[in-house]
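Results of the structural survey
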Amino acid sequence: MLIHLEQVCSSPAIYKLYIPLTGNALKNLNCYVLTDHGESLVIDTGFRNEECRTALMGGLKELGVSPEHTKLFLTHLHSDHCGLAEYFDYPDTTIYMGEAEYKRLQGIIANISAKATWDSNAMLMAEGFPEEDLRTATETNPARIFMSSRPFPVTFVHGGDILQVGGVKLEVLSVPGHTPDQMILYLPEQKILFSGDHVLFDITPNITCWPGVRDPLGDYLKSLDKILTYEIETVFPGHRNLSDKTLPQRIQEIKRHHKRRLSEVREVLRAHPGANAYEVASHLTWSLHGATWETAPKSQQWFAVGETIAHLNHLRASDK
Ligand SMILES: [Zn+2]
């Protein structure tokens, strides 16, 4: 049975809110709420749709936390994490987000309002993604449909900053990779990590291509090593289930996944010299739920080609 609201830590009090992402392979977002000495911190929000809003606001109400008077921390610009941030735009609420990440988000919101195409689509088209399919993939992409409808006031955070919620100290860690400037939170005294989408347990975080970023996978692998240097006993991931696995165990698995993927990409390139990323992706193994590459939804191909470009870029960057 799904538990909508669950206390996952008693000291400090931390609650996990199950925010359903119906129809999405991610299944749910974990929104965390930390409360201490009359102060509260909400971490991530869910998509900007009715289902997520009802779950989030209902859960906050149960906890006695008001969006009009709290702190909200947004780990990264994906709409399943910051889609509802505009509902926290009140004078007594502080919304924290990484500076570069927020600036990129502003660009994306402006781009959607102008009904323009994603900036990254140019990269996919250059790698062979058919223009018509790209349009379908973009229009049906929940990342775009459920994005914040407008910019909102943000207090910028940077790696190394310390936030205070009641008597609890939280350190901001900069972990580029999944997005160019994702920030996550670490509680040094309690050895707790809110890992955002940097480390997930039931699924592998998606690594894709970004305009202006040379090697996102290289950045990601470095950010995995970086968090290994912190003393961490408990990890609260941004999606799906908590795990008994240790952080080093899970990081090993994720690294192994990318290593396998990189050698698979190398093999495809050997068999199909000069192939572009779209062609390479069509030869890689994906879990397409019974569909073939040709019949897979365009939105899934969009994720797959983005991921393939990230792996190709990493091979290029490491060959030098
Ligand atoms: Zn996410």
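These notes cover the structure that comes with them.

What counts and what doesn't
- Residues numbered from 1 in each chain as written.
- Predicted model: local features only at pLDDT ≥ 70, side-chain atom pairs only at ≥ 80, totals over all residues.
- Heavy atoms only, no water.
- Helix = DSSP H or I, 4+ residues; strand = E, 2+ residues; numbered from the N terminus.
- Contact = heavy atoms within 4.5 Å.
- Buried < 20%, exposed > 50% of the residue type's maximum accessible area, 1.4 Å probe, protein only.
- Pairing = 2+ DSSP bridges.
- Expected span 1.5 Å × (residues − 1).
- Polar contact = N/O pair within 3.5 Å; in protein donor to acceptor, adjacent residues only side chain to side chain.
- Donors = N, O, S within 2.8 Å, 3.2 Å for Na, K, Ca; no water.
- Tetrahedral: all angles 85-135°; square planar, octahedral: opposite > 155°, others 65-115°.
- Salt bridge = Lys/Arg side-chain N within 4 Å of Asp/Glu carboxyl O.

**As for the environment of Pro176**
As for its position among the elements, Pro176 is in the loop between β9 (168–174) and β10 (183–187). Apart from the residues within four sequence positions on either side, Pro176 is in contact with Gln182, Asp219, Tyr220 and Ser223.

**Some remarks on the pairing of strand β2 (residues 13–20)**
Most of β2 sits inside the fold, with eight of its eight residues counted as buried. Between strand β1 (residues 5–9) and β2, which follow one another and run antiparallel, lie three residues.

**Considering helix α1 (residues 50–62)**
Helix length check: α1, at 13 residues, gives a terminal C-alpha distance of 18 Å against a target of 18 Å (1.5 Å per residue), a fit within 8%. Looking at the buried residues of α1, the elements they touch are β1, β2, β3 (28–36) and β4 (39–43). Of the residues that open α1, the one with a side-chain oxygen 3.4 Å from the backbone nitrogen of Glu51 is Asn49. Residue Gly64 follows α1 closely and has a positive phi angle near 75 degrees.

**With respect to the coordination of the zinc ion**
Here the zinc ion is held by the protein donor atoms Asp80 (OD), His81 (NE2), Asp197 (OD) and His239 (NE2), which lie 2.0 to 2.4 Å from it. Here the zinc ion binds four donor atoms, and the angle range of 86 to 163 degrees at the metal identifies the geometry as irregular. In the primary sequence, the donor residues of the zinc ion line up as D-H-x115-D-x41-H. Within this pair, whereas His81 is found in helix α2 (residues 79–82), its partner His239 is found in the loop between β12 (234–237) and α8 (247–271), the two being separated by 158 residues in sequence. No difference in accessibility class separates His81 from His239, as the two residues are buried.

**Examining helix α7 (residues 216–228)**
With 13 residues, α7 should cover 18 Å at 1.5 Å per step; its first-to-last C-alpha distance of 19 Å lies within 8% of that length. Residues of α7 that are buried: Pro216, Leu217, Gly218, Tyr220, Leu221, Ser223, Leu224 and Ile227. Buried residues along α7 sit in contact with β9, β10, β11 (192–196), α8 and α10 (298–319).

**What to know about the side chain of Thr45**
Its place among the elements puts Thr45 in the loop between β4 and α1. At 3.4 Å, the side chain of Thr45 and the backbone nitrogen of Gly83 are in polar contact. From its side chain, Thr45 meets the backbone nitrogen of Leu84 in a polar contact 3.1 Å long. Ignoring sequence-local partners within four residues, the contact set of Thr45 consists of Ile19, Leu29, Leu56, Leu72, Leu74, Asp80, His81, Cys82, Gly83, Leu84, Ala85 and Phe88.

**Details of the pattern of salt bridges**
When their charged atoms lie close together, side chains carrying opposite charge are able to pair. Overall, the coordinates contain 14 salt bridges when judged by the stated rule. Of the charged contacts in the structure, one is a salt bridge between Glu50 and Arg53, with a shortest N-O distance of 3.6 Å. Taken together, the positions of Glu50 and Arg53, both in helix α1 and three residues apart, correspond to about one turn of that helix. Arg53 gets classed as partly exposed once you look at its relative accessible area, which sits at 28%. Where Arg261 meets Glu264, a salt bridge forms, and the shortest distance between an N and an O atom there is 2.8 Å. Taken together, the residues Arg261 and Glu264, both in helix α8 and three residues apart, mark about one turn of the helix. Overall, the relative accessible area of 8% leaves Arg261 in the buried class.

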